[in-house]
Amino acid sequence: MDLPQNVPPVVPTETDVVIIGAGPVGLFAVFELGLLDIKCHLIDILDKIGGQCAELYPEKPIYDIPGLPVVTGQELTDRLLEQIKPFNPTFHLNERVDELTKQADGRFVLKTDVGREFLCKVVVIGAGGGSFTPKRPPLEGIEAYEGSSVHYSVRRMDDFRGKDVLIVGGGDSALDWTLSLQPIAQSLTLLHRRDDFRAAPHSVEKMRELVAAGQMRLMIGQMTSMDGCEGKLEGVTIKTKEGEERIAINAVLPFFGLTMKLGPIANWGLNLEENLIPVDTEKFETSERGIFAIGDINTYPGKLKLILSGFHEAALMAQQAHRYIYPDKKLLFQYTTSSSNLQKKLGVK
Amino acid sequence: MAKITFIQPDGTSQIVEATVGQTVMEVAKLANVPGIEAECGGACACATCHVYVAEGWRDKSGAPSEMEEDMLDFAFDVREESRLGCQIKVTEDLDGLVVQVPAKQF
Ligand SMILES: Cc1cc2nc3c(=O)[nH]c(=O)nc-3n(C[C@H](O)[C@H](O)[C@H](O)COP(=O)(O)OP(=O)(O)OC[C@H]3O[C@@H](n4cnc5c(N)ncnc54)[C@H](O)[C@@H]3O)c2cc1C
Ligand code: FES
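Rules and cut-offs
Residues numbered from 1 in each chain as written. Chains lettered and ligands numbered in written order. Predicted model: local features only at pLDDT ≥ 70, side-chain atom pairs only at ≥ 80, totals over all residues. Heavy atoms only, no water. Helix = DSSP H or I, 4+ residues; strand = E, 2+ residues; numbered from the N terminus. Rg over C-alpha atoms; globule rule 2.2 N^0.38 Å. Buried < 20%, exposed > 50% of the residue type's maximum accessible area, 1.4 Å probe, protein only. Contact = heavy atoms within 4.5 Å. Areas by Shrake-Rupley, 256 points an atom, 1.4 Å probe, with all protein chains shown as cover. Salt bridge = Lys/Arg side-chain N within 4 Å of Asp/Glu carboxyl O. Phe/Tyr/Trp six-rings, centres within 6.5 Å; stacked < 30°, edge-to-face > 60°. Near = heavy atom within 4 Å. Nonpolar A, V, L, I, M, F, W, Y, C, P; charged D, E, K, R; others polar. Axes fitted to C-alpha atoms, helices over the stretch in contact; angles between N-to-C directions. Left-handed = near helix turned anticlockwise from the far one by under 90°.

Colleague: Can you break down the overall build of chain B residue by residue, with the values?
Modeller: From N to C terminus, chain B includes three helices and five strands. If you list the helices and strands of chain B from N to C, you get β-β-α-β-α-α-β-β. Relative to the compact-globule value of 13 Å for 106 residues, chain B shows a C-alpha radius of gyration of 12 Å, a close match. Judged by the C-alpha coordinates and their principal axes, chain B covers about 30 × 30 × 25 Å. For chain B, the residues scored as buried account for 49% of the 106 residues in total. For chain B, restricting intrachain contacts to residue pairs at least 6 apart in sequence, the fraction spanning at least 24 positions comes to 63%. For chain B, the accessible surface area stands at approximately 4,900 Å², while carbon and sulfur atoms represent 49% of it.

Right, here's the structure in full:
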């Protein structure tokens, strides 16, 4: 029998707490846990820190953060990062937590989609509206081609070598991949609904040069249907101002932004109510001891999906997490203003 | 007050009383008009409040701003008459407005 080769053994990363989701609430949890000497790793499927604030509205103003009359989504993220810096959390981005199980010794094992494992005493789910996932164009039968011909990201450029590639969208992802894949694709078509692009001007300019040189095609229109055979895409029909046109295509990369889907959390055996995790309002703990849920992902009577509420939840959660992680230590209530002990942790003393 | 008519893809329609100052998305959500999802709550950040403004109302309801055009890139089956419901403010002038709900939001 052949044994698999070159598969490194998985050594789990051990830590006190794993926080699932690096949104504003997960970030503030690092602060509250840090004050209690608890170390955190954060995992997020996004390629950036900040959850909804950074992904959906980085430049839009928020007016209801106490003490900050106006702050943009990105500024709030940056401020939180500055605030938690003394606690030196470890971030794992572009990674989705797929599995969460409890060991016999009461600790938790988390597995991510890239095969990494974590072993921790407490899990904090700060997953907001769920994992950010690419929006799927609502075309009939598109599911059949997903994974084989329709891709929402480029894992390996070589998969597109020699293919008739269609890239759809007008932002940076669409334009960047157009420029990267054009040299290796058999043919490349960029499709966008208007002749105006959100992407960086210099990449738009480069794309237009390629079009002018006859090395790729730009179409202004929208996809209306796909055709193919046995999961293999053969063509895409595109509606333009001039009418409908079918082009021969065997690889499509649609870039229509991201949306939030609950995702793997549904499979962890936790109680769920309409895709939210019910918690108590004393510790914000789930039906499973040692697993907490804070921020947009949880529900309880009177819940408001506000960043402010998530911050409060993080503070109370941390108290209970401390009891699990340091069962023998007594918690002394302290203010950051007056406690030299807390100030030392914050690096200000 | 203004009356707004929402037409569904199957042709059924619903007339809703709107208050000046509300957005078309808010009017639809308050009246539970199907097909308007508005995931981002009106922040022009999700494009799931996409509507088509009926003939004859396009001048009065105005053209999308640049931010709205950018967001429309994330909607499905975008047409000349496409708008985001959260970006149309109800005015006295829009009394009688007719909008069509698309067959699919993304
Ligand atoms: C346009 C807009 C405007 C808003 N304005 C305001 C406002 O003015 N005031 C206010 O208080 N709130 C506002 N909100 C709401 C606010 O953004 C949310 O309440 C807040 O982001 C919730 O934070 P969170 O940390 O709980 O979750 P999120 O910010 O949703 O972050 C959760 C993160 O978890 C990740 N995740 C989920 N599951 C997994 C998994 N299995 N593996 C890895 N990662 C995972 C997700 O990818 C995501 O990045 C607004 C929201 C939007 C969309
Ligand atoms: S409600 Fe999200 S864009 Fe209008």
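Next comes the rest of the account.
Colleague: Quick one: what's the story with the pattern of salt bridges, residue by residue and with numbers?
Modeller: The tally for this structure, following the rule as stated, stands at 30 salt bridges over all chains. The residue Arg116(A) makes a salt bridge to Glu95(A) at a minimum N-O spacing of 2.8 Å. Of the two residues, Arg116(A) is situated in the loop between strand S7 (108–112) and strand S8 (117–125) and Glu95(A) in the loop between strand S5 (90–92) and strand S6 (97–102); the sequence distance between them amounts to 21 residues. With relative accessibility at 3%, the residue Glu95(A) sits in the buried group. Two residues, Arg136(A) and Glu146(A), come together in a salt bridge whose shortest N-O distance is 2.7 Å. Residue Arg136(A) is located in the loop between strand S9 (131–134) and strand S10 (164–168), and its partner Glu146(A) is located in the loop between S9 and S10; the two are separated by ten residues in the primary sequence. Linked by salt bridges that have partners in common, Arg193(A), Arg194(A), Arg198(A), Glu69(B), Asp70(B) and Asp73(B) make up one network.

Colleague: Which residues make up the packing of aromatic side chains, and what values do they have?
Modeller: All names here are of chain A. One pass over the structure, following the stated rule, counts six aromatic pairs over all chains. With centroids separated by 5.7 Å and ring planes inclined at 75°, the aromatic side chains of Phe 31 and Phe 87 adopt a geometry described as edge-to-face. Pair noted here: Phe 31 is in helix H1 (residues 24–35) and Phe 87 is in the loop between helix H3 (73–84) and S5, with a separation of 56 residues, a long-range link. Judged by relative accessible area, Phe 31 falls into the buried class, the value being 9%. Note on Phe 87: relative accessible area 8%, which makes it buried. Ring geometry for Phe 292 against Tyr 324: centres 6.2 Å apart, planes inclined by 45°, an arrangement best described as tilted.

Colleague: Summarise the site of ligand 1; cite the residues concerned and give the values.
Modeller: Surveying the vicinity of ligand 1 reveals 34 residues, the closest of which are Asp44(A), Gln52(A), Tyr57(A), Asp64(A) and Asp296(A). Lying at an intersection of chains, ligand 1 is approached by residues of chains A and B. Summarising the interface, the protein chains cover 92% of the accessible area of ligand 1, which totals 1,000 Å² for the free molecule. Those elements that place two or more of their residues in the shell around ligand 1 are H1, helix H2 (51–55) and S9 of chain A. Broken down by element, the residue count for the shell around ligand 1 peaks at three residues, all from H1(A). Of the residues in the shell around ligand 1, the class split is 17 nonpolar, eleven polar and six charged.

Colleague: Talk me through the packing of H1(A) against helix H6 (residues 307–325) of chain A; I want residue IDs and the actual numbers.
Modeller: All names here are of chain A. H6 packs onto H1 with a crossing angle of 35° between their chain directions and a minimal axis gap of 8 Å. For the pair H1 and H6, the crossing hand works out as right-handed. Mapping the contact onto sequence places Pro 24, Val 25, Phe 28, Ala 29, Glu 32 and Leu 33 in H1 and Ile 307, Gly 310, Phe 311, Ala 314, Ala 315, Met 317, Ala 318 and Ala 321 in H6.

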